[in-house]
Amino acid sequence: MHDLIDSVFIGKFDNKILRRKDDSAVFNVGKKRIAFTTDSYVVNPIFFPGGDIGSLAIYGTVNDLSVCGARPLAISLGLIIEEGLDRNVLEKIAASIADAAKRSGVDIVTGDTKVVEKGSCDKIFINTSGIGEVYYGGLSLERIKSGDVVIVSGSVGKHAVSVLSKREGMEFRTKTKSDSAPLNGLIFNILKVSNKVRFMRDPTRGGLATTLNEIVEGRNFGISVDEKDVPVSGGVREACEMLGFDPLYMACEGRAIVIAAKEDAKNILNAMRRNKKGRIAAVIGQITKEHKGRVILNTRAGGKRSLDMLAGEQLPRIC
Amino acid sequence: MKYVDEFRDRKIIDKLASEIREAVDPGRQYNIMEVCGTHTMNVFRFGLRSLLTPNINLISGPGCPVCVTPNEYLDKAIWLAGRNDIIIATFGDMFRVPGSYSSLEKEKVKGNAIKMVYSTTDALALARKNPRQEVVFLGIGFETTIPTVAQSIIAAKREGIKNYSVLCGHKTMPAALKAIAEDKKIRVDGFLLPGHVSAVIGAAPYVFLAKKYCKRCVITGFEPADILQAILMVVRQKTPRVEIQYTRIIAGSGNFLARKSIERVFKKSAAEWRGMGKIKDSGLEIRPEFKDYDADVKFKPKPKKARENKACICGDVIKGVKKPADCKLFGKICNPISPVGSCMVSSEGTCSAYYKYSYKL
């Protein structure tokens, strides 16, 4: 996917803002600093434990704005609906969208609906775009320094396991609900207590490991992660052990990775833990001068290995 | 998680690592083959090599079922997938494996019916749900997986399900290990034997490795502490014999019922191993009494003649003669997204493990 974006698109549309490849584009409109982002949602199944495609589409865009230090203001909603989709299903999704927008404190201010022939899309696809007002300037990869800490706001991989177990009809002993949630409140709390937050991302597709790799790519620093400190819930571990997956590559939809100066780590953690969505926030690693451009994992067993970008999807194994 | 956390406990692992350091004779090299793909994967995943002394050389063995499956088998599966009346049911790892001309993944994009399943129960359910189509299950795997496939055939026969069959590519472990023990190019001092295969076949089928070929053998579990303890046992073994490290799972005699169901449905045959060639008595074929469930008999797939990429050295990698980095294709043309050889495809393949986890600075 990353190669595809770089080789097909970035070159052709090349401009300063796009080249930064941030979760949102941040630029000035008059004197105001604005964040602008878009994302499309094609999840199968459309309802899963802990969420559905509607709430996901709102939270995803809210989160992309929030991690850029912006207060989400307005969202657009584009729906592509497969002919014959049950009206009740649509009602349920619309209600979920409305509820998610309310919970995130944003308005849906414009939209578009298209119905396509049966088979041309899978039930429903949603696109949302959002704009936000930047209230915390200076979040940037360039500000990251060696010695900074890497914090994750909660346990990783729940969204992927929730969707997977629903899609494949798999029953695990511990039911896992998606972590899908809006992060604007949590991030506001973080940015209130520290002016040394360097950079934030919400790890979605490809999980924690992929996002960390995106952060170090082509940079003159590396990241070292302590496996034992990464929060992983029992249900996610169980599912991953069973299927041969690595939780560090499992998608999240309501988690933030925060990179900040070490001296502020304690304040930030305290602020996060006061919020329900950050109760088990933890420092999981640090920025290093060594192994530039790479993520290194100190394994639970005391070994070391590289934690690379995931190539392709994880496939369940035979035995 | 019980039975997992205890075996990943840092204190225990540190202790085992230091015991290994004390037990090794610094003047000699220990070539130890971890036979199973899950061993290989966990050695990398937990960074265990970085805990061992440099004179312990871990060699990844032939125990990744996908990796040892020859192109010819995949070509047959792809040929079957091309028929409108057939749904292929397969475990996930087979999905991206390239055959001579295509892969199941590419065939699926073309619109052919290929479904990923998690068990033979899923495959049978698929057959019940689609009575007008044939569900062909890709039977790949060793003694760990084979009993479940045997049971699916027995169940299909009992229930009178007529649209289910298995494309049999199953292989058995001991004969392959014999081939490795006899190969002069491969210098192995000891084997970490596959825990779950042994849960079925027991310890007896390996005794010849110790007695005739003087190999130190330890039946090994899959967690980091299991693997390190087994390495310690290999290092300490004075007279070659078969020991069991994985005692929480393995009774010496294995699982009688599982073996019975294998014997009921399958019989021994020669099998083609990717990179190792044909090995006598190392494979299984479906017995004539179950021929209605044998996709080879039922559909007689006739794909074009199989071909291999000549530059790919998967064969030597599987045998442990060469390392992935010795391959010209490794990491350049061959990577997990577009794998050339099977060792790159399976998450348990040696090349994939090196690609994903190797600690290069």
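Residues numbered from 1 in each chain as written. Chains lettered and ligands numbered in written order. Predicted model: local features only at pLDDT ≥ 70, side-chain atom pairs only at ≥ 80, totals over all residues.

**A short note on the domain arrangement of chain A**
Residue and element names in this part refer to chain A.
- If you check the domain split of chain A, you get domain 1 (2-134) and domain 2 (141-307).
- Of the residues lining the interface, 22 residues belong to domain 1; the matching set on domain 2 comes to 21 residues.
- Only α3 (53-66), β5 (70-82) and α4 (87-104) provide two or more residues apiece to the side of domain 1 that touches domain 2.
- With eight residues, the single largest contributor to the side of domain 1 that touches domain 2 is α3.
- Within the side of domain 1 that touches domain 2, the residues separate by chemical class into nine nonpolar, nine polar and four charged. (Domains from an automatic or database assignment. Contact = placed C-beta atoms within 7 Å. Helix = DSSP H or I, 4+ residues; strand = E, 2+ residues; numbered from the N terminus. Nonpolar A, V, L, I, M, F, W, Y, C, P; charged D, E, K, R; others polar.)

**Here we look at the sheet that holds strand β6 (residues 107-116) of chain A**
Residues and elements named next belong to chain A.
- Read from one edge to the other, the open sheet built from five strands follows the order β1-β2-β7-β5-β6, with strand pairing classed as mixed. At either end of the open sheet lies a strand with only one pairing partner, and these are β1 (25-29) and β6. Each strand of the sheet is rotated relative to its neighbour by a mean of 20°, with strand direction disregarded.
- Relative to strand β2 (residues 32-41), β1 runs antiparallel, the two being bridged by five bridges. Bridge pairing links Val26 to Ala35 in β2.
- Its contacts with the sheet place α3 against β2, β5 and β7 (124-134), and it is angled at close to 30° to β7. (Pairing = 2+ DSSP bridges. Axes fitted to C-alpha atoms, helices over the stretch in contact; angles between N-to-C directions.)

**What about unusual backbone geometry?**
- Look at the link from Asn44 of chain A to Pro45 of chain A: it is a cis peptide, with omega at 5°.
- When you line up the elements, Pro45 of chain A lands in the loop between β2 and β3 (47-48).
- With phi around 50°, Lys21 of chain A is a residue other than glycine that occupies positive phi space.
- Note on placement: Lys21 of chain A falls in the loop between α2 (16-19) and β1.
- At Asp281 of chain B, a residue that is not glycine, the phi angle is positive and equals roughly 55°.
- As for its position among the elements, Asp281 of chain B is in strand β11 (residues 277-286).

**Describing the interface of chain B and chain A**
- Listed per partner, the contact involves 37 residues of chain B and 24 residues of chain A.
- At the level of elements, α1 (10-23) and α15 (350-357) of chain B are the ones that each hand at least two residues to the side of chain B that touches chain A.
- The biggest single contributor to the side of chain B that touches chain A is α1 of chain B, with three residues.
- Taken together, the residues that form the side of chain B that touches chain A break down as 19 nonpolar, ten polar and eight charged.

**A short note on helix α6 (residues 184-193) of chain A**
All names here are of chain A.
- If you check which residues of α6 are buried, you get Asn184, Leu186, Ile187 and Ile190. Along the long axis of α6, the arc covered by the buried residues comes to 160°, so they all point the same way.
- Those residues of α6 hidden inside the fold are in contact with α3, β5, α4, β9 (197-201), β11 (257-260) and α9 (265-274). (Buried ≥ 20, exposed ≤ 12 C-beta atoms within 10 Å, placed from the backbone. Arc of directions from axis to C-beta.)

**A few points about the packing of α6 of chain A against α9 of chain A**
Residue and element names in this part refer to chain A.
- The geometry of α6 relative to α9 is characterised by a closest axis approach of 9 Å and an angle of 150° between their N-to-C directions. One way to sum up the angle between α6 and α9 is to call them roughly antiparallel. Considering only the axes of α6 and α9, their crossing is right-handed. Across the interface between the two elements, Leu186, Asn189, Ile190, Lys192 and Val193 of α6 pack against Asn267, Ile268, Ala271, Met272 and Arg274 of α9.
- The class makeup of the residues in the contact of α6 with α9 is six nonpolar, two polar and two charged. (Parallel < 35°, antiparallel > 145°, perpendicular 65-115°, else oblique. Left-handed = near helix turned anticlockwise from the far one by under 90°.)

**So, the nonpolar core**
- Counting 116 residues, the largest nonpolar core has Ala77, Ile88 and Leu228 of chain B as the members making the most contacts within it.
- Sorting elements by how many residues they give to this core places helix α10 (residues 224-236) of chain B first, with nine residues.
- What Ile88 of chain B contacts, discounting residues up to four positions off in sequence, is Ala77, Leu80, Ala81, Leu104, Ala113, Ile114, Val136 and Leu138 of chain B.
- Counting residues in each nonpolar core, the second largest holds 80 residues, with Leu79, Leu139, Ala160 and Val295 of chain A among its members. (Core = buried A, V, L, I, M, F, W, Y, C linked by C-beta atoms within 7 Å.)

**Section: the packing of helix α6 (residues 146-159) of chain B against helix α11 (residues 256-265) of chain B**
All names here are of chain B.
- At their nearest, the axes of α6 and α11 sit 8 Å apart, and the two run at 55° to each other. It follows that α6 is oblique to α11 by the angle criterion. The crossing of α6 and α11 is left-handed. Across from Ile146, Pro147, Ala150, Gln151, Ile153 and Ile154 in α6, the residues of α11 making contact are Ala258, Ser261, Ile262, Arg264 and Val265.
- Grouping the constituent residues of the contact of α6 with α11 by class yields eight nonpolar, two polar and one charged.

**Here's the deal with the sheet that holds strand β5 (residues 134-139) of chain B**
Residue and element names in this part refer to chain B.
- Overall, parallel pairing links the four strands, which are arranged β4-β3-β5-β6 in an open sheet. The two strands at the open ends of the sheet, each matched to only one other strand, are β4 (114-116) and β6 (164-168). Looking at each pair of strands side by side, their axes are set apart by 30° on average, direction ignored.
- Note: strand β3 (residues 86-90) against β5, four bridges, orientation parallel. Bridging across to β5, Ala89 finds its partner in Phe137.

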